[in-house]
Structures are given as C-alpha cells and as structure tokens.
Amino acid sequence: MLVDTPSLYFRSFFGVPRSVRAPDGTPVNAVRGLLDVLARQIGEVRPKRVVACFDADWRPAFRVALLASYKAHRVADVGAGGGVGAGGGGAGQVERVDGDLLAQLPIIDEVLDAFGIARAEAAGFEADDVIATLATRHRGEVDILTGDRDLFQLVDDAAGVRVRYAVEKFAVVDEAAVTARYGVPGRAYADFAVLRGDPSDGLPGVAGIGAKTAAALLTQFGSLAAVLAAVDADGGAGLPAGARRRLRGARDYVRAAVGVVAVVRDVPVGAFADLLPAAPVDPAAVGALAERWGLTGSCTRLVRALAEAAGG
C-alpha cells in the first residue's frame, strides 16, 4: 500500500473540524484524519507492506522549467506575509500552507515513526513520483491511497496496480473505472490531463478541447504523440480541422505539459524496511504521543488495524 500522504493530510485538514485539538490547544485534525484513514484502509485491505510517501519538493524545478504556471497559484508571498510553506518549490519558493496545518506535519512524522510505518521521499521530487517509482519496482499487487487524479495514470490491471480514491470514499479505481469516468484507459490519463487541463495544478489545457474531445482524440489515435503527429501530417491524417487548428496553436504548451503531468518512475528512492508491523515498534512513544496530542482513539484504531492486517 502506497500512501499519498500530502493528499490525505490536506483532505483531512479541510474535512475534519478544526475544533479537533490537543489538550494544549494545538490543532490535530489533520493528524487524526490521516490516522483514521490509515486504520480503516489497513484494516480493510490488510497489506503486508505500507509506505507513506511525501513531497521532498512540492513544485520541482524541472516541472517549473517546463511550465512556469505549474502550481504557481499556490506559491506563498512570504515577504509580504502572505503565507507559509513546506518544501523547496523549485526556485526556493514555499507553498501556501495554513499555519494550523503546518504545525501538524512534525506530529504526523513522529506518530508514523512510532508505529513503524515506513516514510519515503526523494530529493527534488513529489510524492507522486515516489509512488510511481515504488509501484513500478514492486512485483505484486499495489494499492495507492490518494485523492489526486494524476495517479490514475499508474492504474494497470495486468500489473495489479489500482487506486483507492479518497474523493469517492476510497472506491477502487481500476482500468474499467478510469475508462468509465473519462473514456480512456488509465495509461492514457496523463495525455488526457494534458489536453483537458487541470486548474488545480496550473495546467490550462488546450483551449477549446474539453474532456469529451480529449477522450475522442485519444481513442481515435491511441496516444497524444500520435495526435501530435497527425497535426503535422499532410491532410491532418483524419484529425478534425478544428482540433488540428487548436493543437497547432497550443503546440508549445502541449509539449511542455507532457513532461509536467507524467510521473517519474525511476526517482532515487533508497532501500528501506516497508513491512507493516503487527504492533507499534515503539508502543511507549505511541502512548506518549497519543496522550500529549489527544489521539488516543485514533492510535487505538490503528493499533487494532495492524493486528488485523497481521492476522489476515
């Protein structure tokens, strides 16, 4: 099980009431929400290995160099007091992160370590790239916990890779589910996203080409590379005139966005122990953290889930 940790703690922060606080008043809604998600999913799926993946850089320089708009709307104006951040942001920039969430990130690290749940990141890359690398390395079934559609590009029935999608109560997303949603197989999702765009990541898409047209083009030609080849072919190789004109006008964007949207599958993630323990590796630390931060219920549920997974 590969956990898109930033995706899940952001969702928890905005989904769990901010009134959830530790005895000293520190907000812990994101911590509690993340632990409860892990407990439910580990108890249900019963994986043998679990890795909590993190962003070492939320806005990698190589993606910003390709497309300056990539996540640009999330950059904090630190000098003007407009936000705080976490991560390198490519050019030394930081992400706009609510202070109440920022205060919880070290707690998340401490609790995961006390339980013995592996954490992984790679310098210069996002959690998505770490997940892609580990999923590609693993020989066997992989469940990816995320609320990010970008990871649909990893869905592969033959390889046993599926997404458990947080936005839909962790519904299992396999190739059939991706096709039902978007009209393209999972392996084509990155090409689809380039054409359609994704405002949440600062990807404008190709003007005039929405989801239906993007799916139709990829179904007709098989890949974005083949669509672009048709743009340059004599007579358009069956490409509708309107789409051909729009794609010609957006050629620079499309070529850059391909390298932005596609996850990197070979980032430098070293070897680490990812076997899920049957019980916390440091129960005393778990107990102390649970008491200090008011997380007794969530920690108890996760302890139970570890035991259930070990028994499964």
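Quick caveat, the model's predicted, so the values are computed rather than measured.

Thoughts on the packing of aromatic side chains
Turning to step 1, where the next piece is worked out: Per the counting criterion, the structure on display carries nine aromatic pairs.
Turning to step 2, where the next piece is worked out: When the centroid spacing of 5.3 Å and the interplanar angle of 50° are considered together, the rings of Y182 and F192 count as tilted. Taken together, the residues Y182 in helix α7 (residues 175-182) and F192 in helix α8 (residues 189-196) connect sequence positions ten residues apart. Each member of the pair, Y182 as well as F192, is classed as buried.
Turning to step 3, where the next piece is worked out: Clustering of aromatic rings is evident, with ring pairs tying together F152, Y165, Y182, Y189 and F192.
Turning to step 4, where the next piece is worked out: For R119, the ring lying beneath its charged end belongs to F54, and the centroid distance is 5.9 Å.

Quick look at the side chain of E175
Turning to step 1, where the next piece is worked out: Structurally, the position occupied by E175 is in helix α7.
Turning to step 2, where the next piece is worked out: A polar side-chain atom of E175 sits 2.7 Å from the main-chain amide nitrogen of D157.
Turning to step 3, where the next piece is worked out: Setting aside residues up to four positions removed in sequence, E175 forms contacts with V155, D156, D157, A158 and R187.

Here's the deal with the packing of helix α2 (residues 29-45) against helix α5 (residues 105-115)
Turning to step 1, where the next piece is worked out: Viewed as axis vectors pointing N to C, α2 and α5 meet at an angle of 35°, and their least axial separation amounts to 10 Å. Of the two possible hands of crossing, α2 and α5 adopt the one that is right-handed. Facing α2, whose interface residues are V31, L34, L35 and L38, α5 presents I107, I108, V111 and L112.

Let's talk about helix α6 (residues 127-137)
Turning to step 1, where the next piece is worked out: Where burial is concerned, most of α6 is hidden: nine out of the eleven residues are buried.
Turning to step 2, where the next piece is worked out: Among the residues of α6, A127, D128, D129, V130, I131, A132, T133, L134 and A135 are the ones counted as buried.

Here's the deal with the packing of α8 against helix α9 (residues 211-221)
Turning to step 1, where the next piece is worked out: The contact between α8 and α9 brings their axes to 9 Å, and the two run at 135°. On the basis of their axis angle, the class for α8 and α9 is oblique. Seen along the crossing, α8 lies across α9 with a hand that is right-handed. Contact residues: D191, F192, L195 and R196 in α8; A211, A214, A215 and L218 in α9.
Turning to step 2, where the next piece is worked out: The residue makeup of the contact of α8 with α9, split by class, is six nonpolar, no polar and two charged.

Here we look at the sheet that holds strand β3 (residues 118-120)
Turning to step 1, where the next piece is worked out: An order of β3-β2-β1-β4-β5-β6 is seen for the six strands of this open sheet, with the pairing classed as mixed. Each end of this open sheet is capped by a strand with a single partner; those strands are β3 and β6 (171-173). Between one strand axis and the next, the sheet turns through 25° on average, direction left out of account.
Turning to step 2, where the next piece is worked out: In the sheet, strand β2 (residues 51-53) pairs with β3 via three bridges, with the strands oriented parallel. Across the sheet, C53 pairs through a bridge with A120, a residue of β3.
Turning to step 3, where the next piece is worked out: On top of the sheet, helix α1 (residues 5-15) reaches β1 (2-4), β2 and β4 (142-146); it is set at about 50° to β1, its chief contact.
Turning to step 4, where the next piece is worked out: Its contacts with the sheet place α6 against β1, β2, β3 and β4, and it is angled at close to 170° to β1.

Thoughts on the pairing of β4
Turning to step 1, where the next piece is worked out: Buried residues dominate β4, accounting for five of its five residues.
Turning to step 2, where the next piece is worked out: Every second residue of β4 is oriented toward a common face, with V142, I144 and T146 on one face and D143 and L145 on the other, all of them buried.
Turning to step 3, where the next piece is worked out: Pairing of β1 with β4, which is carried by two bridges, proceeds in the parallel orientation. Counted as the bridge partner of V3 is L145 from β4.

Calculation notes
- Residues numbered from 1 in each chain as written.
- Predicted model: local features only at pLDDT ≥ 70, side-chain atom pairs only at ≥ 80, totals over all residues.
- Heavy atoms only, no water.
- Phe/Tyr/Trp six-rings, centres within 6.5 Å; stacked < 30°, edge-to-face > 60°.
- Helix = DSSP H or I, 4+ residues; strand = E, 2+ residues; numbered from the N terminus.
- Buried < 20%, exposed > 50% of the residue type's maximum accessible area, 1.4 Å probe, protein only.
- Lys NZ or Arg CZ within 6 Å of the ring centre and 35° of its normal.
- Polar contact = N/O pair within 3.5 Å; in protein donor to acceptor, adjacent residues only side chain to side chain.
- Contact = heavy atoms within 4.5 Å.
- Axes fitted to C-alpha atoms, helices over the stretch in contact; angles between N-to-C directions.
- Left-handed = near helix turned anticlockwise from the far one by under 90°.
- Parallel < 35°, antiparallel > 145°, perpendicular 65-115°, else oblique.
- Nonpolar A, V, L, I, M, F, W, Y, C, P; charged D, E, K, R; others polar.
- Pairing = 2+ DSSP bridges.

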